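# Secondary and tertiary structure notes
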Amino acid sequence: MKITLILIGETDDPHLAALMQDYEKRLRRVAQVQVVIRSNKKIKSSLPADMCRLEGELVLQAVEAQDQVILLDNNGQMYSSEGFAEFLQAKMNRSVKNLVFVVGGAYGFSDEVKRRAQGTFSLSRMTFTHQMVRVIFLEQLYRAFTILRNEPYHH
């Protein structure tokens with residue numbers, strides 16, 4: 001199973017970018033993971049509704065018809081690390097070819113993106129910056145694969 005993480009906008013903080021690179025490198029040992037960054041710099045609107053719609057178009061252009069799409073949103077379903085590992089294992093058992101996770105922009109997801117998604121996850125009841133969510137999600141993805149492989153990282 002291939003896992004794609006779609007991100008809206010670049011990671012501006014060099015410390016967070018370095019952490020992301022570290023977890024991407026770790027993940028390459030245990031899974032087929034791709035990070036896709038969709039730049040929103042050309043979007044010139046200051047209206048939240050326009051930003052949401054235009055960023056949604058960027059997301060929809062990056063997914064294929066057969067992809068299973070999961071949105072990372074504070075209103076989504078929460079999992080423990082073990083539960084997330086079980087979720088991934090279930091997707092692998094069902095021979096899902098490409099599981100796509102999406103971190104949207106500051107204004108959330110357009111209705112079109114929400115309709116396209118098969119699920120919504122929340123990393124916490126707390127609110128994190130979109131930049132931090134990237135690192136936290138990659139770490140949890142790595143943790144899930146180490147759980148599935150019975151590696152000691154989780155302990």
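See the structure above.
Scope of this entry: the structure provided in the associated data block. (Residues numbered from 1 in each chain as written. Predicted model: local features only at pLDDT ≥ 70, side-chain atom pairs only at ≥ 80, totals over all residues. Heavy atoms only, no water.)

### Examining a nonpolar patch on the surface
Applied cut-off: The patches described consist of residues with a relative accessible area above 30% and no salt bridge, like charges being joined within 9 Å and nonpolar side chains (Val, Leu, Ile, Met, Phe, Trp, Tyr) within 5 Å. The Shrake-Rupley method, run with a 1.4 Å probe sphere, supplies the accessible areas, and residue values consider only the shown protein chains as cover. Between Lys or Arg on one side and Asp or Glu on the other, a salt bridge is scored when a side-chain nitrogen of the former is within 4 Å of a carboxyl oxygen of the latter. In this text, helices come from DSSP runs of H or I with a minimum length of four residues, and strands from runs of E with a minimum of two, each type numbered from the N-terminal end. For every residue, the accessible area obtained with a 1.4 Å probe (protein chains only) is divided by the maximum for its type, and the residue is called buried under 20%, exposed over 50%, and partly exposed between those limits.
A surface patch of nonpolar side chains, amounting to about 350 Å² of accessible area, comprises Leu123, Met126, Phe128 and Met132. On the secondary structure map, methionine 126 appears in the loop between β5 (119-122) and α5 (130-148). The class for methionine 126 is exposed, based on a relative accessible area of 58%.

### So, the pattern of salt bridges
Taken as a whole and assessed by the stated rule, the structure comprises six salt bridges. Across the pair aspartate 50 and arginine 53 runs a salt bridge, and its minimum N-O distance is 3.9 Å. Taken together, the residues span about one helical turn, with aspartate 50 and arginine 53 both in helix α2 (residues 48-62) at a distance of three residues. As a salt-bridge pair, glutamate 112 and arginine 115 come within 3.8 Å of each other at their nearest N and O atoms. Here the residue glutamate 112 and the residue arginine 115 both occupy positions in helix α4 (residues 111-116), the gap between them amounting to three residues, near one helical turn. By relative accessible area, arginine 115 is classed as exposed at 61%. Three or more residues joined by partner-sharing salt bridges are found here, namely Asp50, Arg53 and Glu57.

### Regarding the nonpolar core
Here is the rule: Note on terminology: a nonpolar core comprises buried Ala, Val, Leu, Ile, Met, Phe, Trp, Tyr and Cys residues joined through side-chain atoms within 4.5 Å. Working rule for contacts: check all heavy atoms of both residues, and any pair within 4.5 Å makes them a contact.
Counting 29 residues, the largest nonpolar core has Phe84, Phe87, Leu88, Phe101, Leu141 and Phe145 as the members making the most contacts within it. Secondary structure elements with two or more residues in this core: β1 (2-8), α1 (14-30), β3 (68-78), α3 (81-93), β4 (98-103) and α5. Top contributing element to this core by residue count: α5, with nine residues. Sequence-distant contacts of leucine 141, defined by excluding residues within four places in its chain, comprise Ile3, Leu27, Val33, Phe84 and Leu88. In this structure, Ile43, Leu58, Val63 and Ala117 belong to the second largest nonpolar core, which totals 14 residues.

### Considerations on the packing of α1 against α5
Here is the rule we go by: Angles here are taken between N-to-C directions and fall from 0 to 180 degrees, while the axes themselves are lines fitted to C-alpha atoms, restricted in helices to the stretch in contact. Orientation categories follow fixed angle ranges, with anything under 35 degrees roughly parallel, anything over 145 roughly antiparallel, 65 to 115 roughly perpendicular, and all other angles oblique. Crossings are sorted by hand: turned counterclockwise from the far helix by less than a right angle, the near helix makes the crossing left-handed, and turned clockwise it makes it right-handed. Residues were grouped as follows: Ala, Val, Leu, Ile, Met, Phe, Trp, Tyr, Cys and Pro as nonpolar; Asp, Glu, Lys and Arg as charged; and all remaining residues, including Gly, as polar.
Between α1 and α5, the shortest axis-to-axis distance is 9 Å and the interhelical angle comes to 20°. Compared by their axis directions, α1 and α5 come out roughly parallel. In terms of crossing hand, the pair formed by α1 and α5 is left-handed. On α5, the residues touching Leu16, Leu19, Met20, Tyr23, Glu24, Arg26, Leu27, Arg29 and Val30 of α1 are Gln131, Met132, Arg134, Val135, Leu138, Glu139, Leu141, Tyr142 and Phe145. Class assignment of the residues belonging to the contact of α1 with α5 gives a composition of twelve nonpolar, one polar and five charged.

### Things to note about α5
Filter applied, for reference: Here the expected span of a helix is defined as 1.5 Å times the quantity of residues minus one.
Given a rise of 1.5 Å per residue, 19 residues ought to cover 27 Å, and the 27 Å separating the end C-alpha atoms of α5 matches this to within 8%. Burial analysis of α5 places 14 of its 19 residues in the buried class, the great majority of the element. Asparagine 150 sits one or two residues past α5 and shows a positive phi near 55°.

### Regarding the environment of arginine 116
Worth spelling out the cut-off: Side-chain atoms alone can form a polar contact between residues adjacent in sequence; in general such a contact is a pair of N or O atoms within 3.5 Å, and within protein one must be able to donate a hydrogen while the other accepts it.
For arginine 116, the location among the structural elements is in helix α4. Between the alpha carbons of arginine 116 and arginine 149 there is a distance of 31 Å; along the sequence they are 33 residues apart. Those residues in contact with arginine 116, other than ones at most four positions away along the chain, are Leu60, Val63, Glu64, Ala65, Asp67 and Val69. Within the structure, arginine 116 has its side chain in polar contact with the backbone oxygen of glutamate 64 (distance 2.6 Å).

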